[in-house]
Amino acid sequence: MNDIKNKIDHLRKGIERHNKLYYAKQNPEISDTEYDNLVKELEKLERDYPLFASKDSPTQKVSGTVSSSFEKVKHAVPMLSLDNTYSEEEIGKWYERTIKAITNYELQIANENGKAHRENTASCNDSNQDLPLQTDEAGEAIQKSALSFTVEPKIDGVSASLTYVNGVLAIGATRGDGETGEDITENIKTIRDIPHKLKDNPPAFFELRGEVYMDKESFAAINEEIIENGGQKFANPRNAASGSLRQKNPQITASRRLRFFVHSFGDIKGLSFSTHSDFLEYCKKCGFKLQKDIKTCRSLKEITDFSLEMLEKRETLPYEIDGLVIKVDSYGLQKELGYTNKSPRWAIAYKFPAKQATTKLNQIRVQVGRTGIITPSAVLEPVPLAGVTISHATLHNFEEIERLNVNEGDTVLIERAGDVIPKIVKVTVKNSEGFFKPPKHCPSCQSEIVKESEEEAAYRCVNPECPAQFRRHLIHFVSRNAMNIDGFGEVVIDQLLEKEKLKTLADIYALTFDDFLGLELFKEKKANNLMKSIAESKKRPLSKLLFALGIRHAGEKVSEIIAKRFITMDALFTASVGDFIKINEIGDVLAVSLKEFFEKPEMRHITNALKAAGVNMTEPESENPGTAFEGKTFVLTGELANYTREKATEIIKSLGGRTSSSVSKKTSYVLAGAEAGSKLEKAKELGVQVISEAEFEELIK
Ligand code: IVH
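Residues numbered from 1 in each chain as written. Predicted model: local features only at pLDDT ≥ 70, side-chain atom pairs only at ≥ 80, totals over all residues. Heavy atoms only, no water.

Chemist: Please set out the packing of aromatic side chains residue by residue, giving values where relevant.
Modeler: According to the stated counting rule, one finds 26 aromatic pairs in the structure shown. Ring geometry for Phe-265 against Tyr-331: centres 5.5 Å apart, planes inclined by 85°, an arrangement best described as edge-to-face. Pair noted here: Phe-265 is in strand E8 (residues 259–269) and Tyr-331 is in helix H11 (residues 331–337), with a separation of 66 residues, a long-range link. Aromatic rings pair up to connect Phe-206, Phe-265, Phe-273, Phe-279, Tyr-282 and Tyr-331 into one cluster. For Lys-269, the ring lying beneath its charged end belongs to Phe-205, and the centroid distance is 4.8 Å. (Phe/Tyr/Trp six-rings, centres within 6.5 Å; stacked < 30°, edge-to-face > 60°. Helix = DSSP H or I, 4+ residues; strand = E, 2+ residues; numbered from the N terminus. Lys NZ or Arg CZ within 6 Å of the ring centre and 35° of its normal.)

Right under this line is the structure:
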């Protein structure tokens, strides 16, 4: 018995830990399937040994955590989770149970209606007694939707709650622990699928729920950008959506191109629906987008057929789905079926099988990135998986290798989760000793490898002259979002490195037509084009050059912000940490990193060489905004009569100012419209100047 108790405790602790990794850190260690299996195992033990049941068990609570860095929002109606299964048999059982409950309910309604009908009608036809009579609206709704299920793809994203007061978006919140979420209103407002105002005669209060997600295309683009900036990429679109949604700076959220599909609601006042499909139709009228693949099913066969259809279609959808959600369509019946303490009985998630396969790990390769980070990756025995042949898997970092206890030669279970490159879930057959250790020396320059701090999972080659780092930096420097030198791909770079034509970044500008003619497959035209691209790149604005130079912690956005603020490279060289901190978007860590970057003698050296080669060192005037609001930060709150938030923000930016979502001592003005809330209070508290819409109009004149 003690063993059982220990096993239960162990499972509970493990599940709580995985919940934290998944929700708070957006960095899960195990796949969804493995997680679901742990929960199922615990549920079974708790069922078999009710003696050990506890209301604190993760099986009894909605998972999720509330972060401390956002304001808290208490949900008017708890945001629950869905019961889920991978098995067709279990779906069949759920269906049977549901139909039985529906039938009982209908009989009850029919009897009540029948009674009412008999009482009201003198001539009653006895043979009709058992049929549901359509004597009122509820009866009609049931008749219409009896045995009717709405089946929707289960979007692999993050759930969010949107509250509209008199049709105006007032609060956007995360699910949090189901009871309390985080106030992410400003971030939610950057999502283009979410209307700020509802069309079609909105109700007084409308709290609806849906899934914020990142489509596959944006996910790939963002990961590419993160890698170019030397960062750690997101493991799947759901983590990317979650990380992007919980940014402190809404501009970053905006740049992540998140999307939204509505799927349910918490509370509505001043309007009611009789079915879920009516609710969805109404949301469409309000201005929301609905998924294309929503189907009304009237039998188990229709549900399982649709599931097979969607399983096939899954890869072709622009976003990730991990199954289907089957919902009883009638709200009357939903009410009757009710809830457990964790999930509704009227719905179930039918999850797709994980995209997994087993193969042999032939080799662990170690690569050096642009910033010196050493990353391991797995070379696999090629294996087919979800329509493609897989020969590589990511291993994230050396901690992951230790956790998996994986080494070359082992047989491993791999899984594709959103990303094209799959990850290793676990070792299935251990053919080796221990786990693969990080190298002591850089595979490129043989310098010592260092682990910069205990908290950091990254190992780094810190030799600034490391050839592998330099090669990666060249690839980044010429890339589209940096200096945009078209035709200067990896093949060209490798050949030029081989011929020792590139020793510093500035050497790119010393290359001659003949240097290119000497490369494989290069003829006159191609060499000419490349010379033209190089010449063109000299005109790139300072912001792009800064991004190309690769400042640690500073991506495209920060490069743009500092270029617009300082205008010339010379001004950046003389700026102090304090000058950088004055910029609203720049915090202490980044300000120090910027200062360190511009202090490095080699940076002076490289920029001098680039300048001498004719590379532009300024941000062009045409791209500079007006200057009336130069250095001023605005916070908008409440409803403006003559401007939407976007319009007001656009005007502020066009005059050189910035907007921020939260009031701090650095805020120059709080622009307060009607029904301004807590931000106005905060401004008063901090002594920040508050201006009305009329005063704003004066200023912009
Ligand atoms: S209905 C009581 N419909 O899946 C919750 N949820 O695992 C009713 N999800 O928390 C939700 N797609 O965030 C519903 N078409 C869909 C969904 C969906 C994704 C999410 C949702 C929910 C989670 C449960």
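Chemist: Quick rundown of the pattern of salt bridges? Include the residues and the values.
Modeler: Two side chains of opposite charge can pair, provided their charged atoms sit close to one another. Summed over the entire model, instances satisfying the criterion amount to 33 salt bridges. For the salt bridge of Glu-400 with Arg-403, the shortest nitrogen-to-oxygen distance reads 3.5 Å. Note that Glu-400 and Arg-403 are positioned in helix H12 (residues 398–404) at a spacing of three residues, about one turn of the helix. With a relative accessible area of 30%, Arg-403 lands in the partly exposed category. A salt bridge links Arg-471 to Asp-494; the nearest nitrogen and oxygen atoms lie 2.6 Å apart. With Arg-471 in helix H13 (residues 467–478) and Asp-494 in helix H14 (residues 490–498), this residue pair connects regions lying 23 residues apart in the sequence. The exposure class assigned to Arg-471 is partly exposed, which follows from its relative accessible area of 22%. One connected set of salt bridges, linked through shared partners, spans Asp-36, Lys-154, Asp-322 and Lys-351. (Salt bridge = Lys/Arg side-chain N within 4 Å of Asp/Glu carboxyl O. Buried < 20%, exposed > 50% of the residue type's maximum accessible area, 1.4 Å probe, protein only.)

Chemist: A description of the sheet that holds strand E2 (residues 84–85) should follow, citing residues and the corresponding values.
Modeler: Across the sheet, which stays open at both edges, the five strands sit in the order E2-E11-E10-E3-E9 with mixed pairing between neighbours. Every interior strand has two partners, whereas the edge strands, E2 and strand E9 (295–297), have only one. Direction of pairing for strand E10 (residues 321–328) relative to strand E11 (residues 347–351): antiparallel, over a ladder of five bridges. Paired with Val-325 across the bridge in E11 is Ala-349. Against the sheet, helix H9 (residues 276–286) engages strand E3 (149–155) and E10, with an angle of about 55° to E3. (Pairing = 2+ DSSP bridges. Contact = heavy atoms within 4.5 Å. Axes fitted to C-alpha atoms, helices over the stretch in contact; angles between N-to-C directions.)

Chemist: Please give an account of the side chain of Thr-637 that cites residues and values.
Modeler: Its place among the elements puts Thr-637 in strand E19 (residues 633–637). Taking relative accessible area as the criterion, Thr-637 reaches 5% and is therefore assigned buried. Dropping the residues within four chain positions of it, Thr-637 is found in contact with Arg-645, Val-670, Leu-671, Ala-672, Gly-673, Ala-676, Gly-677, Lys-679 and Leu-680.

Chemist: Lay out the sheet that holds strand E20 (residues 658–660) in plain terms, naming residues and giving numbers.
Modeler: Taken in spatial order, the four strands of this open sheet run E20-E19-E21-E22, and their pairing is parallel. Two strands in the sheet have a free side with no partner beyond their single neighbour: E20 and strand E22 (689–691). Here the average twist between neighbouring strands, direction ignored, is 35°. Bridging between strand E21 (residues 669–672) and E22 involves three bridges; their strand directions are parallel. Considered in E22, the bridge of Val-670 is made with Val-690. Against the sheet, helix H23 (residues 645–654) makes contact with E19 and E20, and its axis sits at roughly 170° relative to E19, the strand it touches most.

Chemist: Describe the nonpolar core, naming the residues involved and giving the relevant values.
Modeler: Core analysis: the biggest nonpolar cluster contains 54 residues, and Phe-477, Phe-488 and Phe-516 have the highest contact counts within it. Sorting the residues of this core by element identifies H13, H14, helix H16 (524–537), helix H17 (542–549), helix H18 (556–566), helix H19 (569–574), helix H21 (588–599) and helix H22 (601–612) as the ones contributing at least two each. Discounting residues that sit within four places of it in the chain, Phe-488 has contacts with Val-478, Ile-493, Leu-496, Ile-508, Leu-511, Phe-516, Leu-530 and Ile-534. Counting 34 residues, the second largest nonpolar core, distinct from the first, contains Val-212, Ile-226, Ala-240 and Phe-260. (Core = buried A, V, L, I, M, F, W, Y, C linked by side-chain atoms within 4.5 Å.)

Chemist: Let's hear about the site of the ligand: which residues, and what values?
Modeler: Taken together, 14 residues lie near the ligand, and Glu-152, Ile-155, Ser-159, Glu-211 and Lys-327 sit nearest. One of the side-chain nitrogen or oxygen atoms of Glu-152 is found 2.8 Å away from a nitrogen atom of the ligand. At 2.5 Å, a side-chain N or O of Glu-211 approaches an oxygen atom of the ligand. Breaking the shell around the ligand down by element, the ones donating at least two residues are E3 and E10. Ranked by residue count, the leading element in the shell around the ligand is E3, at four residues. Considered class by class, the residues forming the shell around the ligand number six nonpolar, three polar and five charged. (Near = heavy atom within 4 Å. Polar contact = N/O pair within 3.5 Å; in protein donor to acceptor, adjacent residues only side chain to side chain. Nonpolar A, V, L, I, M, F, W, Y, C, P; charged D, E, K, R; others polar.)

Chemist: Help me get a handle on H16, residues and values and all.
Modeler: If you check H16, its first and last C-alpha atoms are 20 Å apart, about what 14 residues at 1.5 Å a residue would give, namely 20 Å. Looking at H16, one finds that the buried residues are Ala-527, Leu-530, Ser-533, Ile-534 and Ser-537. On an axial view of H16, the arc spanned by its buried residues comes to 120°, and they lie on one face. Facing away from the buried side of H16 by more than 90 degrees, the exposed set consists of Glu-524, Lys-525 and Lys-532. (Expected span 1.5 Å × (residues − 1). Arc of directions from axis to C-beta.)

Chemist: Before we move on, could you go through the environment of Asp-293 and cite the residues and values that matter?
Modeler: Considering the arrangement of structural elements, one finds Asp-293 in the loop between H9 and E9. When its relative accessible area of 10% is taken as the criterion, Asp-293 is described as buried. For Asp-293 and Asn-341, which are 48 residues apart along the polypeptide, the C-alpha to C-alpha distance reads 30 Å. If near-sequence neighbours (up to four positions away) are discounted, Asp-293 is found in contact with Val-151, Glu-152, Pro-153, Phe-306, Met-310, Lys-313 and Leu-317. Within the local environment of Asp-293, its side chain forms a polar contact with the side chain of Lys-313, the two groups lying 2.5 Å apart.

Chemist: Before we move on, can you summarise the pairing of strand E15 (residues 411–415) with the specific residues and values?
Modeler: Most of E15 is tucked away: five of the five residues are buried. Alternating positions in E15 separate into two faces, Thr-411, Leu-413 and Glu-415 on one and Val-412 and Ile-414 on the other, with burial throughout. Pairing between strand E12 (residues 356–368) and E15: five bridges, direction antiparallel. Across the sheet, residue Thr-358 finds its bridge partner in E15, namely Leu-413. Here E15 pairs with strand E16 (residues 423–429) via five bridges, running antiparallel.

Chemist: Can you explain the packing of H17 against H18? Please cite residues and give values.
Modeler: Packing of H17 against H18 brings their axes to within 8 Å, and their N-to-C directions diverge by 135°. As summarised for this structure, H17 and H18 are arranged oblique, according to the angle between their axes. The handedness of the crossing between H17 and H18 comes out as right-handed. Facing H17, whose interface residues are Leu-542, Ser-543, Lys-544, Leu-546 and Phe-547, H18 presents Glu-556, Ser-559, Glu-560, Ile-562 and Ala-563. Split by residue class, the contact of H17 with H18 holds five nonpolar, two polar and three charged. (Parallel < 35°, antiparallel > 145°, perpendicular 65-115°, else oblique. Left-handed = near helix turned anticlockwise from the far one by under 90°.)

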